[in-house]
Amino acid sequence: MTPEEFQAKLGKQGIELSAKQMDQFASYFHLLIEWNKKMNLTAITEREEVYLKHFYDSITLAFSEAFTAKGKLCDVGSGAGFPSLPLKIVFPELEVTIVDSLNKRITFLTTLVETLKLEGVYLHHDRAESFGQNSEFREAFDFVTARAVARLNVLTELCLPLVKKNGYFFALKAAKSEEELVEAKPAIALLGGKLLQAEDVSLPNGDTRHIITVQKKKDTPKKYPRKPGLPNKQPLK
């Protein structure tokens, strides 16, 4: 997907990108490739692949009915800034908070945010478990998202405590898994959530992505998330 195709495909979804926004995406790509030479940010480095599998893929979250262009979004384990920073470029009024456990990635993201002149982006070097127990951030966000490989029951414990009541947790998955959904339902209920939908989204090349939407209906019990490492070692059942 060339930058021009990227712009045109988003236009068909009702998302019109300005010349400034296109320049921001171009700078994002160049910085990603430059920094990737000295640290592992992504295995995807071809321009057309980055625009499709990172930029466009991130923005598919905006196709969800529950998503709005305003509000506070927290991205847990953002890595190289996906999906939150492409969304921030497209929707400048969105307030973005990123938490990542690797300080090297936070250093890259700091440079990226400064270079792109993005305002209203807050970066935190922390584990999601301790971040979710911080009273400043707990149940403070309209949207929390994770584009991660962890299983849904693990992601739910890391993310749902950060969602305010009636807000949404979005899990972005590469593939649909009924088994994973069934496995995660007890954790979703325990942590105060309600599964709203699990929808397939098609990328322009025909690949399918899977977006799981959970709405926060009740406060999360104070004991969750548990201590760092425990959600992965002993997932909720």
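Our structure's up above, just so we're on the same page.
What counts as what
- Going along each chain's sequence as written, the residues are numbered from 1 onward.
- In keeping with the model being predicted, local features are shown solely for residues with a pLDDT of at least 70 and side-chain atom pairs are shown and tallied solely at 80 or more, while totals for entire chains, interfaces and linings include all residues.
- Calculation of side-chain values draws on the structure's entire complement of heavy atoms; hydrogens and water are dropped beforehand.
- Here a strand is any run of E in DSSP of at least two residues, a helix any run of H or I of at least four, and the numbering for each starts at the N terminus.
- Radius of gyration: C-alpha atoms only; globule rule: 2.2 Å multiplied by the number of residues to the exponent 0.38.
- Each residue is placed in one exposure class: buried if its accessible area under a 1.4 Å probe, protein chains only, is under 20% of its type's maximum, exposed if it is over 50%, and partly exposed if it falls in between.
- Throughout, a contact is declared for two residues whenever any of their heavy atoms are within 4.5 Å.
- Reported accessibility uses the Shrake-Rupley method at a 1.4 Å probe radius. Residues are deemed covered only where the shown protein chains occlude them.
- Counted as positive: Lys and Arg. Counted as negative: Asp and Glu, with His and the chain ends omitted from the count.
- Just so you know, the charge point we use is NZ for Lys, CZ for Arg, CG for Asp and CD for Glu.
- Aromatic pairing here means that ring centres of Phe, Tyr or Trp (its six-membered ring) are within 6.5 Å. Orientation follows from the plane angle: under 30 degrees is stacked, over 60 is edge-to-face, and everything else is tilted.
- Put simply, a charge is over a ring when the Lys NZ or the Arg CZ is close to the ring centre, within 6 Å, and near the line of the ring normal, within 35 degrees.
- Strands are labelled as partners when DSSP assigns at least two bridges between them.
- Axis angles are defined between N-to-C directions and span 0 to 180 degrees, where every axis is a line fitted to C-alpha atoms and, for a helix, only to the segment in contact.
- For the purposes of this section, nonpolar cores are sets of buried Ala, Val, Leu, Ile, Met, Phe, Trp, Tyr and Cys residues that join through side-chain atoms within 4.5 Å.

Enquirer: Would you mind going over the overall build of the protein with me for this structure?
Expert: Each helix and strand in the protein was counted, giving 9 helices and 7 strands. At 17 Å, the protein has a C-alpha radius of gyration in line with the 18 Å of a compact globule built from 237 residues. Referenced to the eigenvectors of the C-alpha coordinate spread, the extents of the protein come out at roughly 45 × 35 × 30 Å. Looking at the protein residue by residue over its 237 residues, the buried ones come to 51%. Sequence separation of 24 or more characterises 69% of the internal contacts of the protein that already satisfy a separation of 6 or more. On the protein, roughly 10900 Å² of surface is accessible, and the fraction owed to carbon and sulfur atoms is 48%. Each charge class in the protein can be summarised by its mean position, and for the 33 positive and 30 negative side chains these summaries are 7 Å apart.

Enquirer: Help me out: how do you make sense of the packing of aromatic side chains in this one?
Expert: The relation between two aromatic rings is expressed through the spacing of the ring centres and the mutual angle of the planes. Across all of its chains, the model carries 17 aromatic pairs by this definition. When the centroid spacing of 5.1 Å and the interplanar angle of 50° are considered together, the rings of Phe-25 and Phe-55 count as tilted. One end of the pair, Phe-25, is in helix α2 (residues 19-36); the other, Phe-55, is in helix α3 (residues 47-59), and 30 residues separate them in sequence. Side by side, Phe-25 and Phe-55 carry an identical accessibility label, which is buried. Pairing Phe-29 with Tyr-51 gives two aromatic rings, centres 6.5 Å apart and planes at 45°, and the pair type is tilted. Taken together, the residues span a long stretch of sequence, with Phe-29 in helix α2 and Tyr-51 in helix α3 at a distance of 22 residues. The pair formed by Phe-29 and Tyr-51 is uniform in burial state, with each residue classed as buried. Through a chain of ring-to-ring contacts, three or more aromatic side chains come together here, namely Phe-6, Phe-25, Tyr-28, Phe-29, Tyr-51, Phe-55 and Phe-82. Positioned over the ring face of Trp-35 is Lys-38, at 4.2 Å from the centre of the ring.

Enquirer: Help me understand unusual backbone geometry in this model?
Expert: Most peptide bonds adopt trans geometry, and most residues besides glycine take a negative phi value. For the bond from Phe-82 to Pro-83, the omega torsion is 5°, close enough to zero to count as cis. A cis amide bond links Tyr-224 to the next residue, Pro-225, at an omega of 0°. Its location among the elements puts Pro-225 in the loop between β7 (208-216) and α9 (230-233).

Enquirer: I would appreciate a short explanation of the pairing of strand β3 (residues 121-125) in the present structure.
Expert: Working note: regular strand, side chains alternate between the two faces of the sheet. Bridge analysis of strand β2 (residues 95-100) against β3 gives 5 bridges, and the strand direction is parallel. From the neighbouring strand, Ile-98 faces β3, where its bridge partner is Leu-123.

Enquirer: Quick question: what am I supposed to make of the side chain of Ser-64 here?
Expert: With respect to the helices and strands, the residue Ser-64 is situated in the loop between α3 and β1 (72-76). Beyond its immediate sequence surroundings of up to four residues, Ser-64 is in contact with Phe-170, Gln-197, Glu-199 and Thr-213.

Enquirer: Help me understand the sheet that holds β3 in this model?
Expert: The mixed open sheet is built from 7 strands, whose spatial order is β3-β2-β1-β4-β5-β7-β6. Of all the strands in the sheet, just β3 and β6 (193-202) have a single pairing partner and so form its edges. Strand-to-strand twist across the sheet, computed as the mean angle between neighbouring axes with direction ignored, equals 20°. In this fold helix α5 (residues 103-116) packs onto β2 and β3, with an angle of close to 165° to the strand it touches most, β3.

Enquirer: I'm lost on the nonpolar core in this one. Help?
Expert: Across soluble globular proteins, you tend to see nonpolar side chains buried next to one another. Judged by nonpolar contacts, the single largest core of 50 residues is most densely connected at Phe-6, Phe-25, Phe-55, Phe-67, Leu-85, Phe-108 and Phe-170. Taken together, the elements giving at least two residues each to this core come down to α1 (3-12), α2, α3, α4 (84-90), β2, α5 and β5 (163-173). Examining the composition of this core, we find that 7 residues originate from one element, α2, more than from any other. Excluding residues within four positions of it along the chain, Phe-25 makes contact with Phe-6, Leu-17, Tyr-51, Phe-55, Ile-59, Pro-86, Ile-89 and Val-90.

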